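Coordinate inspection notes
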Amino acid sequence: MRDRIQEALKHSKADYTEIRIEEKETTRVAFRGKDLELANANIDKGGIVRCLIKNKGWGVATFNNLDDLLNKVDQAYQCAQVVSVPEPIELVPVEPINQVTTVTMERDFRDVSLAEKKALAERYNEVMRGHSDKIIDTQSFYADTFTHLTLANSEGTYIEQEKPAVVLASLAIARDGDNVQQAHETMALPQGFEYVLDKDELARKAAQKAVELLDAKPVKAGQYPVVIDQMLAGVFIHEAFGHLSEADFVYENPQAREMMTLGRRFGKGILNVYDDGSIPNLRGTTLYDDEGIPGRRNWLIKDGVLVGRLHSRQTAAKMGEKATGNARAINYRFPPIVRMTSTAIDNGATSFEDMIKDIKLGIYACDAYGGQTQLENFSFSSGYAYMIRDGKIAEMVKDVILAGNLFTTLENIDAIGNDFKWDNAGGGCGKGNQYPLPVTCGSPHIRIQNVVIGGE
Ligand SMILES: [Zn+2]
């Protein structure tokens, strides 16, 4: 295979040519209510050629049959010839990489029978169903994928990577009369089957939260000091800030370019934010991105000041900055675009107790349940939340929606916890039709003053 790829690259007449080949094996099992809804296994195999003619543009050809690589290179080249970009495209220079990596799993899920995977999903489903007679519906989901990726380009880079992933998700719906509530728990890691065993607690937590929410009163709308947990803080920094750091967006959007000026103050000196693809064993781990650039730690906010952004080779060249290892594609059907990897608010110094002890009336919001961002404005729903009364966590409340302006909110972060955690949730990030891309969010608890909370 390697020889054929290299022959095809040599054959190309483009200024730059890149071939990415992907083989992905997936197994999925899902229960809904008491029934098995889905159990399947499939293999997806294909590749993509990208050709760049600098003063014309990019041409792309995707394929499933690996036998006619030479033809596909020609096809991509012809596509590049018919486009015309307003200014020549440059790629920031990088060192070619030659690397073949393999992974070992303690228990390789490819050797586990579908029957055993089904039994596991069924067990977690029964944990939810048996939790309370108020649970009226459930979904229990198991998936694993093993991806073998080969990337080679005309500059001499040749990389083979293996990426395993296991995913668990539990969704519970509880009902009391007209009152219907739901809660979910998910887990996803680039690990073997051993990681999804003995996770009854995950299913139990989903069922318990759904039942607890039946008794929660809607929150009273208003402005509160809010403490948000690691999970919600991580999603907040990814959604409300991280996407604005993606250089393709910054470059193409004049308003964003003005907003995201390096050196601009974004928060108090305690605020530090980074994206880091090099941290092992996270869903967002990107040892090499889909242009062959090694993942690394990229500081985005340092001591409250905007210091960096995320790049592909093309956006780095355009903006006179360095490649950051953030060109990622969801699969071989797409060219890479600028994406996050593992994004986090760095650990701080305040304990959770100290963070809440001076709050007379506030809100402790946990877990994210979707949200929207529109340039500098955002709104997020928390999965569940509690009132904080006289420095203590009090009753559970529901329908907590945090809304605000990114800059004001970042400026209002006045305490950062010392209890950093990566969330290993499933799901993923969406951008430009490419969803769900595996990413990880992380944060300690944080406290934000004057947050507008929607509700009753
Ligand atoms: Zn995202």
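**Topic: the overall build of the protein**
The helix and strand inventory of the protein stands at 10 helices and 25 strands. Taken against the 2.2 N^0.38 rule, which gives 23 Å for 456 residues, the C-alpha radius of gyration of the protein at 24 Å falls within 12% of a compact globule. Principal-axis analysis of the C-alpha atoms places the extent of the protein at approximately 70 × 55 × 35 Å. A burial count over the protein gives 54% of its 456 residues as buried. Put simply, 73% of the contacts in the protein that link residues at least 6 apart link residues at least 24 apart. A gap of 2 Å separates the mean positions of the 52 positive and 64 negative side-chain charges of the protein.

**Some remarks on the coordination of the zinc ion**
H238 (NE2), H243 (NE2) and C429 (SG) make up the full set of protein donors to the zinc ion, lying at 2.1 to 2.4 Å. Written as a sequence motif, the donor residues of the zinc ion are H-x4-H-x185-C. Note that H243 is positioned in the loop between helix 5 (230-241) and helix 6 (247-252) and C429 in strand 22 (residues 429-431), a separation of 186 residues in sequence. Given a relative accessible area of 16%, H243 falls into the buried group. Classification of C429 as buried rests on a relative accessible area of 1%.

**So, the environment of F249**
Within the secondary structure, F249 sits in helix 6. Residues F249 and V338, 89 residues apart in the sequence, show an inter-C-alpha distance of 8.5 Å. Aside from chain neighbours lying at most four places away, what touches F249 is H243, L244, A256 and L375.

**As for helix 1 (residues 2-11)**
An α-helical segment advances 3.6 residues per turn. Residues three or four places apart therefore align on the same side. When helix 1 is considered as a whole, its buried residues turn out to be I5, A8 and L9. Along the axis of helix 1, the buried positions cluster into a sector of 100°, meaning they face one direction only. Set apart from the buried face of helix 1 by more than 90 degrees, the exposed residues are D3 and K10. Looking at the buried positions of helix 1, the neighbouring elements they touch are strand 1 (16-32), helix 2 (69-82), strand 5 (135-153) and strand 6 (158-176).

**Observations regarding the state of the cysteines**
The final tally for this structure, using the stated rule, is zero disulfides. C51 carries a free sulfur, and the closest cysteine sulfur to it, the one in C79, is 8.9 Å from it.

**Some remarks on the domain arrangement of the protein**
According to the domain assignment, the protein consists of domain 1 (2-215) and domain 2 (218-454). Taken over C-alpha atoms, the centre of domain 1 sits 23 Å from the centre of domain 2. Between domain 1 and domain 2, the contact holds 48 residues from the first and 38 residues from the second. The junction of domain 1 with domain 2 conceals about 3,400 Å² of combined surface from both sides, 53% of it contributed by carbon and sulfur atoms.

**Digging into the pairing of strand 9 (residues 222-228)**
For strand 9, the tally of buried residues reaches five of seven residues, placing the bulk of the element in the interior. Judged from the six bridges that link them, strand 9 and strand 25 (residues 446-454) form a sheet pairing that is antiparallel. When the bridges of strand 25 are listed, V227 appears paired with R447. Pairing of strand 9 with strand 16 (residues 361-374) involves three bridges; the strand directions are parallel. For V226, the partnering residue across the bridge sits in strand 16 and is I363.

**What about the pattern of salt bridges?**
Applying the stated criterion to the full structure yields 25 salt bridges. Here K357 makes a salt bridge to D354, at a shortest N to O gap of 3.2 Å. Pair noted here: K357 and D354 are both in helix 9 (residues 352-357), with a separation of three residues, about one helical turn. Among the charged side chains, a salt-bridge network with shared partners connects E18, R50 and E291.

**Some remarks on the side chain of D108**
Here D108 shows up in the loop between strand 4 (98-100) and helix 3 (114-129). The buried category is assigned to D108, whose relative accessible area is 17%.

**As for the packing of helix 3 against helix 4 (residues 200-215)**
The interhelical angle for the contact between helix 3 and helix 4, taken along N-to-C directions, is 35°, at an axis separation of 8 Å. Crossing handedness for the pair helix 3 and helix 4: right-handed. In contact with R123, Y124, V127 and M128 of helix 3, helix 4 contributes D200, A203, R204, A206 and A207. Residues belonging to the contact of helix 3 with helix 4 are distributed by class as follows: six nonpolar, no polar and three charged.

**Let's talk about the side chain of T157**
Tracing the chain through its elements places T157 in the loop between strand 5 and strand 6. Setting aside chain neighbours within four positions, we find T157 in contact with E95, P96, I97, L151 and A152.

**A short note on the packing of helix 1 against helix 2**
The interhelical angle for the contact between helix 1 and helix 2, taken along N-to-C directions, is 35°, at an axis separation of 9 Å. The two elements helix 1 and helix 2 meet at a crossing, and its hand is right-handed. On helix 2, the residues that touch R4, I5, E7, A8 and H11 of helix 1 are L69, L70, V73 and D74. Class assignment of the residues belonging to the contact of helix 1 with helix 2 gives a composition of five nonpolar, one polar and three charged.

**Here we look at the nonpolar core**
Core analysis: the largest hydrophobic core is formed by 46 residues, its most contacted members being F241, I363 and L410. At seven residues, the largest contribution of residues to this core is made by helix 5. In this structure, V112, L120, A207 and L214 belong to the second largest nonpolar core, which totals 28 residues.

**Considering the packing of aromatic side chains**
Following the criterion strictly, the structure yields 13 aromatic pairs and no others. Ring centres 5.9 Å apart and planes at 75° place the aromatic pair Y142 and F193 in the edge-to-face group. Here Y142, found in strand 5, pairs with F193, found in the loop between strand 7 (179-189) and helix 4; they are 51 residues apart in sequence, far enough to count as distant. There is no split in this pair, since Y142 and F193 are both buried. When the centroid spacing of 6.2 Å and the interplanar angle of 75° are considered together, the rings of F236 and F380 count as edge-to-face. Remark: F380 occurs in strand 17 (residues 377-389) and F236 occurs in helix 5; sequence separation between them is 144 residues. As far as burial versus exposure is concerned, F236 and F380 are alike and both buried. Taken together, Y274, W299, F420 and W422 form an aromatic cluster joined through their ring pairs. When the ring centre of W58 is taken as reference, the NZ or CZ atom of R50 above it lies at 4.0 Å. Directly above the ring of Y251 sits R257, whose terminal nitrogen or CZ lies 4.7 Å from the centroid.

Rules used in this analysis
Residues numbered from 1 in each chain as written. Predicted model: local features only at pLDDT ≥ 70, side-chain atom pairs only at ≥ 80, totals over all residues. Heavy atoms only, no water. Helix = DSSP H or I, 4+ residues; strand = E, 2+ residues; numbered from the N terminus. Rg over C-alpha atoms; globule rule 2.2 N^0.38 Å. Buried < 20%, exposed > 50% of the residue type's maximum accessible area, 1.4 Å probe, protein only. Contact = heavy atoms within 4.5 Å. Lys, Arg positive; Asp, Glu negative; His and termini not counted. Charge placed at Lys NZ, Arg CZ, Asp CG, Glu CD. Donors = N, O, S within 2.8 Å, 3.2 Å for Na, K, Ca; no water. Arc of directions from axis to C-beta. Disulfide = S-S within 2.5 Å. Domains from an automatic or database assignment. Buried area = accessible area lost by both parts, 1.4 Å probe. Pairing = 2+ DSSP bridges. Salt bridge = Lys/Arg side-chain N within 4 Å of Asp/Glu carboxyl O. Axes fitted to C-alpha atoms, helices over the stretch in contact; angles between N-to-C directions. Left-handed = near helix turned anticlockwise from the far one by under 90°. Nonpolar A, V, L, I, M, F, W, Y, C, P; charged D, E, K, R; others polar. Core = buried A, V, L, I, M, F, W, Y, C linked by side-chain atoms within 4.5 Å. Phe/Tyr/Trp six-rings, centres within 6.5 Å; stacked < 30°, edge-to-face > 60°. Lys NZ or Arg CZ within 6 Å of the ring centre and 35° of its normal.

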